[in-house]
Amino acid sequence: MKAVRRFTVRPVLPEPLAPLHDLAHNLRWSWHPATRQLFRDADPAGWRTADGDPVRLLGSVSAPRLAELAADPGFLDRVADTARDLDDYLSGPRWYQEQSGEGASLPTAVAYFSPEFGITAALPQYSGGLGILAGDHLKAASDLGVPLIGVGLLYRHGYFRQSLSRDGWQQEHYPVLDPDELPLTLLREPEGTPARIALALPGGRSLHARVWQAQVGRVPLLLLDSDVEENAPGERDVTDRLYGGGSEHRLLQEMLLGVGGVRAVRTYCRLSGHPEPEVFHTNEGHAGFQGLERIRELLPYGLDFAAALEAVRAGTVFTTHTPVPAGIDRFDSRLVAAHFGEDGELAGVDPDRVLGLGTESYSGGEPGLFNMAVMGLRLAQRANGVSALHGAVSRQMFAGLWPGLDVPEVPITSLTNGVHAPTWLAPGVRPLDAATASDAELWELRRSLREQLVEEVRQRLYASWRQRGAGSTELGWIDGVLDPGVLTIGFARRVPAYKRLTLMLRDRDRLARLLLHPSRPVQIVVAGKAHPADDGGKRLVQELVRFADDPRVRHRIVFLPDYGMDMARRLYPGCDVWLNNPLRPLEACGTSGMKAALNGCLNLSVRDGWWDEWYEPDFGWVIPTADGSAARDEDRRDELEATALYALVEERVAPLFYDRGAGGLPGRWIDMVRRTLTALAPKVLADRMVREYVDRLYAPAARSHRTLALDVGAARELAAWKARVRAAWPGVCVGHVEAGTAEGTAELGSTLALRVRIDLGGLRSEDVEVQAVAGRVDADDTLADAQAFPLKPVGGGPDPSGCWTYEGPLALDRTGPFGYTVRVLPAHRLLSCGTDMGLVALPAEATGEGAGVLMR
């Protein structure tokens, strides 16, 4: 029989143990070893049963055990000490407060929107790297004291749990998550009723949601839940699964995240007294509708749509994580139009204004589709990719939004991701000073971590085979799986095709020889989930599993199902080498290798994402990538890159690992581990990442917000000015360019005196900036490493023909082929940068007189 209703009965904590409730409900325990140890010691057997979740532990601990703990002076002292430590962490000044105290102009608060958050396995609201990155962002913000508010959705089934059939096919399971059994509290009004937000839907319907709060250290995380009685069955299911459902289902999820998320933030600030955010950060395009809700909030204050848009853009930061158009959510424009307008949200606003924000109205785009990343970029004054290479890819991918600019000047910067060290560092690594530790100490640490991984793998592999239907008598071989003394390679991530899970299987005989080498064997641990709708990804999983099932090699290669945070924290430290072989440049960042590096694991990777930026021979190895015609032939490309991978492992990686010197230690390998820990690990930290967000994006966005969102006159001024400039821009023209040399030669250190006539098309001189752009030139006179130098108007006004004259010096400060051109950009005190509007005027022939001096 099934119960008709489910609820949770919790024991009442004795008064001396009351602080345990707050300790369990603040997720700092997920990265604070002393707090976890406190709960582990409270009930060791219950801790294992609860999978390391303090809330579940407190929900099941027996009354006699609680009474015993309440009478234990030593345990009570630990409870009091841990509670005081948490209070100090929550209330004391940290980096952000120190910066403010030193006069830095920082945001009062930042709202951070993401469709998923990977905080802990006890709150399974993530699918992969995007969510883990978001979780690490919140944790690092908390450690630094950044006043962040996280905003997401509460998925009743999470993503999914993965198991394997007997023949290795991925199977999905969707456990029901009870919020009352999670480390969450319900946001309530002063009278005690649950706080509610609502969205208007077509046909007079409404989408209601309540708001759950997870406390991530100092950072509140608001999670919206549509499974409430006020909703019809279809609306109750909006927050059923992460990345599930059809197009309209996904649209409703993203409306709830964006529009509903802003309303949840306003409600939370009203109820808690938390400062209102000055900056809104959208982590990928899923939450882009938050900008529309903020526009709606401003319309009653006398701003039209264009002025409100400028006010909203000023305080918005957009981060793209997607290096391929296929990875972006796109909706039929008619579906979006049906949900915005008189019969839905934003009543009174022309739906065409909404559609204009997301329409792919550029060369190569599909005008009938609404692109969430395009909307995110149009609604944000500041945007970034998540590694230097990904920034370059993003500028290329979205260049159509700024058609007048060269790709390198598209206003999308880059800020490389980082990982939260307290979450991902193995306990044994924390106290070790790698710079001063002996070779023997470092090697013993690595051996111990590898041994722990071997035990973990055997336990998980046994459980997996039991799920696949094997009897215990069939599984004695698992006791011999992996060897603590063998070079161990890890590969774990989501399983889209571009990550190439099965590249290692390209030549199975050669792989088998590597695994079974008599003196330099290799063992490989693999994990990863394919999206439930991706049968191609599932076939890749099955292909890998079937190879790993082969009795000849199954002691040297394993596939572990149900990859998640709990597994990852054990996997990264125990591997000697972390493998990553995506199709370059399709890995936006790829933070799994960062987490491995934190623990002294060396990277073996295609030069993509962060590895392209920070690779050094001391940190690992680069898998060469095919180029030219081979890169366009998928089969040939994979063959070449797989062959290069085998050769690296066979000829360089394995020999270095097994090359033992004095005391049986691999000295050169240990040197690389030491360099990874001392030189690479400090770069990959989320603390560094969040500091950069504060300095480079949040603080400037807050200043712009104060100028435009708090001054409706400024917002109207900028909107009207942009409209005037766009209308006049077709008439802006660069005319005759004259260049003379101050010293009569074109030698290093000499100066060109530039003089150029500009037709401003009716604009004023203060509406534009005229620049000379100079740098090295290639064989077809394309500028590279260019620098811009302002030219100044002369003569006090236009000549009788209406043209202005601009002059200025151009220093020839480098040798080799050198060239210049002249351009005109819009200029206004309220613009974030001259390229913001994507408007530029150049000479009629860029390779003619305006590009014309060469120097050697």
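These lines cover the structure that appears in this document, whether it is placed above or below.

1. Here we look at the environment of E342
(1) Moving on: Relative to the helices and strands, E342 resides in the loop between α13 (333–339) and α14 (351–358).
(2) Moving on: The exposure class assigned to E342 is exposed, which follows from its relative accessible area of 65%.
(3) Moving on: For the pair E342 and A827, spaced 485 residues apart in the sequence, the C-alpha separation amounts to 37 Å.
(4) Moving on: Among the polar contacts made by the side chain of E342, one reaches the main-chain amide nitrogen of G348 at a distance of 2.9 Å.

2. What about the state of the cysteines?
(1) Moving on: Applying the stated criterion across every chain, the model contains 0 disulfides.
(2) Moving on: Take C575: it sits in no disulfide, and the sulfur closest to it among the cysteines is that of C601, at 5.7 Å.
(3) Moving on: Accessibility expressed as a relative area gives 0% for C575, which makes it buried.
(4) Moving on: Of the cysteine sulfurs around C589, a residue in no disulfide, the closest is that of C601, at 16 Å.

3. Digging into the pairing of strand β4 (residues 170–173)
(1) Moving on: As judged from the 4 bridges shared by strand β3 (residues 161–164) and β4, these two strands associate in the antiparallel manner. Within β4, the residue paired with Q162 across the bridge is E172.
(2) Moving on: Here β3 folds back onto β4 in antiparallel fashion, the turn holding 5 residues, of which G168 has a positive phi close to 85°.

4. Quick look at the sheet that holds strand β19 (residues 602–606)
(1) Moving on: In space, the 6 strands of this open sheet follow the order β17-β16-β15-β18-β19-β20, with parallel pairing throughout. Every other strand in the sheet has two partners, leaving β17 (557–560) and β20 (620–623) as the edge strands with one partner each. Adjacent strand axes in the sheet meet at a mean angle of 20°, parallel and antiparallel pairs treated alike.
(2) Moving on: In this structure, strand β16 (residues 522–527) lies alongside β17, joined through 4 bridges in parallel fashion. Counted as the bridge partner of I524 is I557 from β17.

5. A few points about the environment of G476
(1) Moving on: You can see G476 is positioned in the loop between α18 (439–467) and β15 (487–492).
(2) Moving on: Take G476: its relative accessible area is 49%, and that puts it in the partly exposed class.

6. Section: the pattern of salt bridges
(1) Moving on: Throughout the structure, instances matching the rule amount to 65 salt bridges.
(2) Moving on: Here R166 and E474 are joined by a salt bridge, their closest N and O atoms 3.3 Å apart. In this pair, R166 sits in the loop between β3 and β4 while E474 sits in the loop between α18 and β15, placing the two residues 308 residues apart along the sequence.
(3) Moving on: In this structure, the salt-bridge partner of E717 is R829, at a minimum N-O distance of 2.8 Å. Here R829 lies in the segment after β26 (818–826) and E717 lies in helix α28 (residues 712–728), a separation of 112 residues in the sequence.
(4) Moving on: Exposure remark for E717: the relative accessible area of 32% places this residue in the partly exposed category.

Rules of the game
Residues numbered from 1 in each chain as written. Predicted model: local features only at pLDDT ≥ 70, side-chain atom pairs only at ≥ 80, totals over all residues. Heavy atoms only, no water. Helix = DSSP H or I, 4+ residues; strand = E, 2+ residues; numbered from the N terminus. Buried < 20%, exposed > 50% of the residue type's maximum accessible area, 1.4 Å probe, protein only. Polar contact = N/O pair within 3.5 Å; in protein donor to acceptor, adjacent residues only side chain to side chain. Disulfide = S-S within 2.5 Å. Pairing = 2+ DSSP bridges. Axes fitted to C-alpha atoms, helices over the stretch in contact; angles between N-to-C directions. Salt bridge = Lys/Arg side-chain N within 4 Å of Asp/Glu carboxyl O.

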